[in-house]
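# Tertiary structure, described
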Amino acid sequence: MRAPSLKSRINQSFIVAYKEDTTELQQALGQEGFSPRVLRPEYTATELTYSRTIRCLLNHASAWRLASAATGLSLIVEADFVPCEGFGALPLPFDPDRHGPGAWAFLYAGGPRLLRAFPDGFLQGHAACPVACVISPQVGAWLADYARDELQRQPDLTAYSLWDTQFQWRMMGHGAVCFMPFRQYGEHGGLPNPEHHRAGVGVAKRFKLLSAFGVGRNHHADVLWAPLKFLPAYARGSRGRFWRTRCEAKLLGWLKLLTGRCVMILWPLSLRERLRLYSAGARRLCSRY
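Everything quoted here is computed from the prediction, not taken from an experiment.

Turning next to the overall build of the protein chain. Looking only at helices and strands, the protein chain has 11 helices and 8 strands in total. A compact globule built from 289 residues should have a C-alpha radius of gyration of about 19 Å, and the protein chain, at 18 Å, falls within 12% of that. Reported as C-alpha extents along the three principal axes, the dimensions of the protein chain are approximately 55 × 45 × 40 Å. When each of the 289 residues of the protein chain is scored for burial, the buried share is 52%. Nonlocal contacts in the protein chain, meaning residues at least 24 apart in sequence, comprise 79% of its contacts between residues at least 6 apart. Total accessible area on the protein chain is roughly 13200 Å²; 53% of this is exposed by carbon and sulfur atoms.

Here we come to the state of the cysteines. One pass over the full model with this rule turns up 0 disulfides. Cys84 carries a free sulfur, and the closest cysteine sulfur to it, the one in Cys133, is 15 Å from it. Distance from the sulfur of Cys129, which forms no disulfide, to the nearest cysteine sulfur (Cys56) is 8.6 Å. For Cys129, a relative accessible area of 12% puts it in the buried group.

With a phi angle near 65°, Cys129 is a residue other than glycine that sits in the positive phi range. With respect to the helices and strands, Cys129 occurs in strand E6 (residues 123-135). Of note, the phi angle at Arg236 is positive, near 50°, even though the residue is not glycine. Position of Arg236 relative to the elements: it lies in the loop between helix H9 (208-212) and helix H10 (239-258).

Relative to the helices and strands, Trp169 resides in helix H6 (residues 163-173). Considered as a pair, Trp169 and Thr245 are 76 residues apart in the sequence and their alpha carbons are 30 Å apart. If near-sequence neighbours (up to four positions away) are discounted, Trp169 is found in contact with His126, Met264 and Leu266.

This part takes up the packing of aromatic side chains. One pass over the full model with this rule turns up 16 aromatic pairs. Where Phe122 meets Phe179, the ring centres are 6.2 Å apart and the plane angle is 80°; that geometry is what we call edge-to-face. Placement of the pair is Phe122 in the loop between strand E5 (103-117) and E6 and Phe179 in strand E7 (residues 177-180), with a sequence separation of 57 residues. Residue class for Phe122 comes out buried when judged on its relative accessible area of 0%. With a relative accessible area of 2%, Phe179 lands in the buried category. Taken together, a centroid distance of 5.0 Å and an interplanar angle of 65° make the contact between Phe242 and Trp243 edge-to-face. These aromatic residues form a ring-pair network of at least three members: Trp64, Trp104, Phe106, Tyr146, Trp163 and Phe167.

Attention shifts here to the pairing of strand E1 (residues 10-16). With respect to burial, E1 is a largely interior element, 6 of its 7 residues being buried. Of the pairings in the sheet, the one linking E1 to strand E3 (residues 73-78) comprises 6 bridges and is parallel in character. Looking at E3, one finds that Gln12 is bridged to Ser74. Sheet topology note: the E1/strand E2 (residues 37-39) ladder contains 3 bridges and is parallel. If you follow Ile15 over to E2, its bridge partner there is Val38. For the segment spanning E1, helix H2 (residues 23-31) and E2, crossover handedness is right-handed.

Okay, the packing of H10 against helix H11 (residues 271-285) next. Two numbers describe how H10 lies on H11: the axes approach to 10 Å, and their chain directions differ by 165°. The angle between the axes of H10 and H11 places the two elements in the roughly antiparallel class. For the pair H10 and H11, the sense of crossing is left-handed. Touching Lys250, Gly253, Trp254 and Leu257 of H10 are Tyr278, Gly281, Ala282 and Leu285, all from H11. For the contact of H10 with H11, the per-class residue count stands at 5 nonpolar, 2 polar and 1 charged.

A word on H2. Those residues of H2 that sit buried are Leu25, Ala28 and Leu29. One side of H2 carries all its buried residues, which in axial view fall inside an arc of 95°. Along its buried surface, H2 packs onto E1, E3 and strand E4 (81-83). In the segment just after H2, Gly33 is the residue with positive phi, at about 100°.

Reading the values: the criteria
- Residues numbered from 1 in each chain as written.
- Predicted model: local features only at pLDDT ≥ 70, side-chain atom pairs only at ≥ 80, totals over all residues.
- Heavy atoms only, no water.
- Helix = DSSP H or I, 4+ residues; strand = E, 2+ residues; numbered from the N terminus.
- Rg over C-alpha atoms; globule rule 2.2 N^0.38 Å.
- Buried < 20%, exposed > 50% of the residue type's maximum accessible area, 1.4 Å probe, protein only.
- Contact = heavy atoms within 4.5 Å.
- Areas by Shrake-Rupley, 256 points an atom, 1.4 Å probe, with all protein chains shown as cover.
- Disulfide = S-S within 2.5 Å.
- Phe/Tyr/Trp six-rings, centres within 6.5 Å; stacked < 30°, edge-to-face > 60°.
- Pairing = 2+ DSSP bridges.
- Right-handed = clockwise from strand over helix to strand, strands pointing away.
- Axes fitted to C-alpha atoms, helices over the stretch in contact; angles between N-to-C directions.
- Parallel < 35°, antiparallel > 145°, perpendicular 65-115°, else oblique.
- Left-handed = near helix turned anticlockwise from the far one by under 90°.
- Nonpolar A, V, L, I, M, F, W, Y, C, P; charged D, E, K, R; others polar.
- Arc of directions from axis to C-beta.

What follows is the structure in structure tokens.
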């Protein structure tokens with residue numbers, strides 16, 4: 001896979017936040033060659049009654065609108081994202097010159113599933129939770145339209161929403177292609193959203209026995225490119241808690257591979273194409289991080 005570095009092709013970056021302290025993240029991205037703009041909403045009294053998931057959609061929508069009006073690629077990360085060391089020098093998961101304005105990518109992919117492994121090494125996939133993404137102006141415009149339509153479609157904005165696992169299908173309907181990093185470019189470092197656990201989604205739904213023992217209560221990177229630039233908030237200052245969480249995330253990654261959940265079949269694939277997908281899934285997990 002040959003692609004330009006993140007730093008060489010991303011023109012603007014945004015941190016989607018609410019009340020979180022983003023100092024460490026801003027400093028980390030600054031050291032990697034980015035000058036992120038922090039977007040903090042001022043919710044109305046009505047919006048404060050919305051579920052956390054819907055308020056998250058409102059926050060992302062503001063970033064998507066800005067990205068749609070910008071020039072070139074935009075990096076959008078949530079306040080609890082923790083980038084890897086050398087983040088700016090990592091390659092884009094796609095080549096904008098080859099793949100066009102409909103290409104975009106997760107840099108952190110929650111529950112990643114592979115759809116296609118291209119012969120040149122690029123991966124197309126599906127994931128949830130836009131903790132860190134790179135989008136073009138065209139994709140930003142499509143996402144902004146999606147957010148507007150989703151807010152109008154939802155019958156109860158105070159209820160839990162699965163928009164963050166569904167928005168990718170809307171993008172595919174436009175012909176956009178979501179590229180996946182071979183390994184995760186950073187970690188979801190925040191504390192669990194209790195709405196996710198109450199809804200029984202993600203790992204809690206698929207691996208109920210593990211969930212009963214507290215494993216998988218939150219989504220984390222199954223495998224990292226490199227060490228993280230700072231300790232995530234979920235570690236609460238403890239290296240032991242951090243490494244335990246990282247080991248659990250790697251274990252879940254292997255369980256998904258061994259149970260066939262790392263691949264999603266959406267169209268007819270030859271045996272060779274299927275083997276290439278599972279091979280890519282196995283190779284990406286073979287890392288010390």
